[in-house]
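Close look at the chain arrangement
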Amino acid sequence: MSNNKIKELKKCAFANQDRLEKLDLSNNEVVKIKPSIFTKLLELNHLDLSNNNLKQILNNSFFGLRSLKYLSLQQNKLYYSNTTFELDAFNGLDKLEIIHLESNNPTYDSPTYPDLALAKLTTLREIFMDGYPIQLGLGFSSLHNLEAIKLDSDTFCELGAELQDNFFQHMVSKKNFSVWLNSCGLSKIPTNIFKPISNLIRIDIYDSLLSLEKFENNSLWLTGLKISVLNISRINYRVDIYFSYLTRHTFRKLKNIPLKSLDISSNGIYTLNALAFVGLPQTLEYLSLRNNKLVRCWQGPLRGLPSLQHLDLSRNYCTKMNLIFLKYLTNLTTLLLQDNYLGPTLANDISGINFSTLTRLEALNISGNTITSLSRNVFQNNINSKYLNLSRNSLTHFEVDFNKVQKLEVLDLTGNLLVGFSEPNSKDFKQMRSKNPNFRIKIQSNRLIFNEELCLTGNFHRNSRYVCIVLGIVLLSAMFYYNRWKSAYLYYIGSKKLHIGDALLKYQPLADIYISYEQEPEFSRLARNKFIPWLNEKMFTLINGEDDFPGGSQYENIAGAIAGTRKTLVLLSRDIFEDKFRKFELNMAIMHEMYYSDRIIVPVFVGHFQVNTWPVEIVTYIRNQNHRCLLYEDTEEFWDDLKSYLTNRKRCKN
């Protein structure tokens, strides 16, 4: 297709395309689909008409698409009514399995789900729609093969408190059925709303307005259900006080439900009762408490979860874990503890008690936990371990005993401070490699010193010598980057004329803060709606890298501006350094900090992600400064910490 927007579909355009399987017509300006225009596309199984200007689907619009399984009509102007979709609009789609109808004029005043037209799609498995608090029409009773209905406010969903018991009255699918009501503004769930769906197996009410307290006190809608999956993450997210506590009664209504998976992540849970999970069904296999606010509350031991296989406690704030916290989780195969602060707890576990009962454990992730050392016995009983992630910590040495862990396939030590391995460890790795050819160690972004003897042991990859050569190259690369940016810094700072607009820069502080951030909408909004107003409120004067240097050859001006501010505030996100100016800003700030031997940079992480895709010199800097990196949370504590970082030092040159 050409770069011009398509406004009209012509039958001749599809001539000689009888074997075409996928057709993408999205992001055009198509207003109308003429009946039977696709009759030649007998093998087409995927048709995308999203983001056009369609206002009506006429009878026989898709006639002839006998092989079509996927159809997207989202982001058009298709008002929800039985006149917008004529009775035979989907005639001929005898194999259609998935249809997208979301984001179609959500401001329409009197919507009606187009059930009469949809009733013809008897092979339909999944339907994505906008959500209105009106009953799903009688036509849905013909969709006997439907497996999922997904309403989500990423498109439009406003169910609010008006949802009635009869919403799913006509849903009589013969298949195991799943319901997504995500981000739909639900503040209550009618008692009998799910009763008509006899074979309901999954409910997602992610990002609602329920709150965990309402869930505990008003859960009659769960009575009699046979669901195996329940997602109630972020239901506490938009309440006034974003902190919650799991009591021993929070999950009492789930006791007699054959639940296998429960997701309660991102609910601001800061502590939990030792018996909080006793009320859960014995069948539970998956439990996620990811991204909560659990701190010094991992007392345990956790009880009532005899079948649990997957436990996710990542992205919390845990600084201490009881040695017997995991004692009774003997069926656990996956344990995710990354992005906590468990370093001291694990270092003090000399006898290896923390994980000692987890003999079936296959995957353990304790990355990003400020771990400086581990006892030799820490994993001694994890005889079935296959994947062990210790990346993004501060390990300077590694003396762990792997004699009994012979099934290990991946040991990830990326992003630590290791300079090498001991002789016993090298022998262990060599022995493991001889017994298990799949065994490998990830050691990027460490301080490993080139060692011919270490390379010859063949412990890291099948081309171990190649890996050692790469390590040598990495060290040389780091030196190259350092000298390159140092040269650039001295060159630009040494320039005689440095400007911001019409103002000539001199070498006295021109502003308090230089702020740098990614220009993607998510992070730009965060900077402009949160950080910059807060900085202005606290009476900090600012230079904004994006606003003050919008384009052109601005390198010497950026260098001068960083030299003319007391602090450089960097909002670190995944793709920030894809912008060459953002990369230049931080490298100049790093050089400036080294020149003054002072803490000039204030790094703030605005998301959890791997930094291995960042430039090598920046990764090295961040790894060495992780003790003063802030993690963004819109809390009073975070803003107090940020203010302290921005005000607690004066620059003084050696």
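**Regarding the overall build of the chain**
Along its length, the chain carries 12 helices and 26 strands. When the 654 residues of the chain are sorted by exposure, 53% land in the buried category. The contacts in the chain between residues at least 6 apart in sequence include a share of 69% that link residues at least 24 apart.

**Comments concerning a nonpolar patch on the surface**
Among the surface-exposed residues, Phe 243, Tyr 245 and Tyr 270 lie close enough to one another that they form a single nonpolar patch of about 310 Å² accessible area. As for its position among the elements, Tyr 245 is in strand β10 (residues 244-246).

**As for the pairing of strand β22 (residues 511-517)**
A large share of β22 lies buried, amounting to seven of its seven residues. Two strands pair when backbone bridges link them, and β22 and strand β24 (residues 565-572) are joined in this way by six bridges, in the parallel orientation. Each residue of the ladder has a partner; that of Ser 516, found in β24, is Val 570. Note: β22 against strand β23 (residues 542-544), three bridges, orientation parallel. Its bridge partner lying in β23, Ile 515 is registered against Asn 544.

**Concerning the sheet that holds β24**
Reading across from one edge, β23-β22-β24-β25-β26 is the order of the five strands in this open sheet, with parallel pairing throughout. The open sheet has two edge strands, β23 and β26 (630-631), and neither has a second partner. Along the sheet face, helix α7 (residues 521-537) touches β22, β23, β24 and β25 (601-605) and points at about 165° away from the line of β22.

**Focus on the nonpolar core**
One finds Phe 62, Phe 90, Phe 355 and Phe 398 to be the most contacted residues of the largest nonpolar core, which totals 131 residues. For this core, the secondary structure elements donating two or more residues are α1 (115-118), β5 (126-129), β6 (148-152), β7 (177-182), β8 (200-204), α2 (212-217), β12 (269-272) and α4 (423-435). Here this core takes three residues from β7, the largest share from any one element. Phe 62 has contacts with Ile 33, Phe 38, Leu 47, Leu 49, Ile 57, Leu 71, Leu 73, Ala 89, Phe 90, Asn 91 and Leu 93, leaving out every residue within four places of it along the chain.

**Re α7**
Taking 1.5 Å of rise per residue, the 17 residues of α7 would be expected to cover 24 Å, and the 23 Å separating its terminal C-alpha atoms lies within 8% of that figure. Where α7 bends most, at Ala 527, the angle is about 35°. For α7, the full list of buried residues reads Phe 523, Ser 524, Leu 526, Ala 527, Phe 531, Ile 532, Trp 534 and Leu 535. Contacts made by the buried residues of α7 are with β22, β23, β24, β25 and α12 (636-647). A positive backbone phi angle near 70° is found at Met 539, which sits one or two residues after α7.

**Description of the confidence of the model for the chain**
When pLDDT is averaged across the chain, the result is 82; 84% of the residues are at 70 or more. Overall, residues 461-476 carries pLDDT values under 50, and its contacts beyond four positions in sequence, including any with other chains, amount to 17 contacts. Low pLDDT, under 50, characterises residues 496-508; the predicted model gives this stretch 28 contacts beyond four residues in sequence or across chains.

**A few points about the pattern of salt bridges**
If you walk through the whole model with that rule in mind, you get 15 salt bridges. Close ionic contact of Lys 120 with Asp 88 constitutes a salt bridge, the shortest N to O distance being 2.7 Å. With Lys 120 in the loop between α1 and β5 and Asp 88 in the loop between β3 (70-72) and β4 (98-100), the pair connects residues that are 32 residues apart, well separated along the chain. Judged by relative accessible area, which is 38%, Lys 120 ranks as partly exposed. Overall, Asp 88 belongs to the partly exposed group, its relative accessible area being 28%. Put simply, Glu 633 and Lys 293 hold a salt bridge, and the shortest N to O gap is 3.4 Å. Note that Glu 633 is positioned in the loop between β26 and α12 and Lys 293 in the loop between β13 (286-288) and β14 (310-312), a separation of 340 residues in sequence. Each member of the pair, Glu 633 together with Lys 293, is buried. In this structure, a network of salt bridges that share partners links the residues Glu 97, Arg 125 and Glu 147.

Parameters at a glance
Residues numbered from 1 in each chain as written. Predicted model: local features only at pLDDT ≥ 70, side-chain atom pairs only at ≥ 80, totals over all residues. Heavy atoms only, no water. Helix = DSSP H or I, 4+ residues; strand = E, 2+ residues; numbered from the N terminus. Buried < 20%, exposed > 50% of the residue type's maximum accessible area, 1.4 Å probe, protein only. Contact = heavy atoms within 4.5 Å. Patch = residues over 30% accessible without salt bridge, like charges linked within 9 Å, V, L, I, M, F, W, Y side chains within 5 Å. Areas by Shrake-Rupley, 256 points an atom, 1.4 Å probe, with all protein chains shown as cover. Salt bridge = Lys/Arg side-chain N within 4 Å of Asp/Glu carboxyl O. Pairing = 2+ DSSP bridges. Axes fitted to C-alpha atoms, helices over the stretch in contact; angles between N-to-C directions. Core = buried A, V, L, I, M, F, W, Y, C linked by side-chain atoms within 4.5 Å. Expected span 1.5 Å × (residues − 1). Bend = angle between axes of the 7 residues up to and from the residue. pLDDT = per-residue confidence, 0-100.

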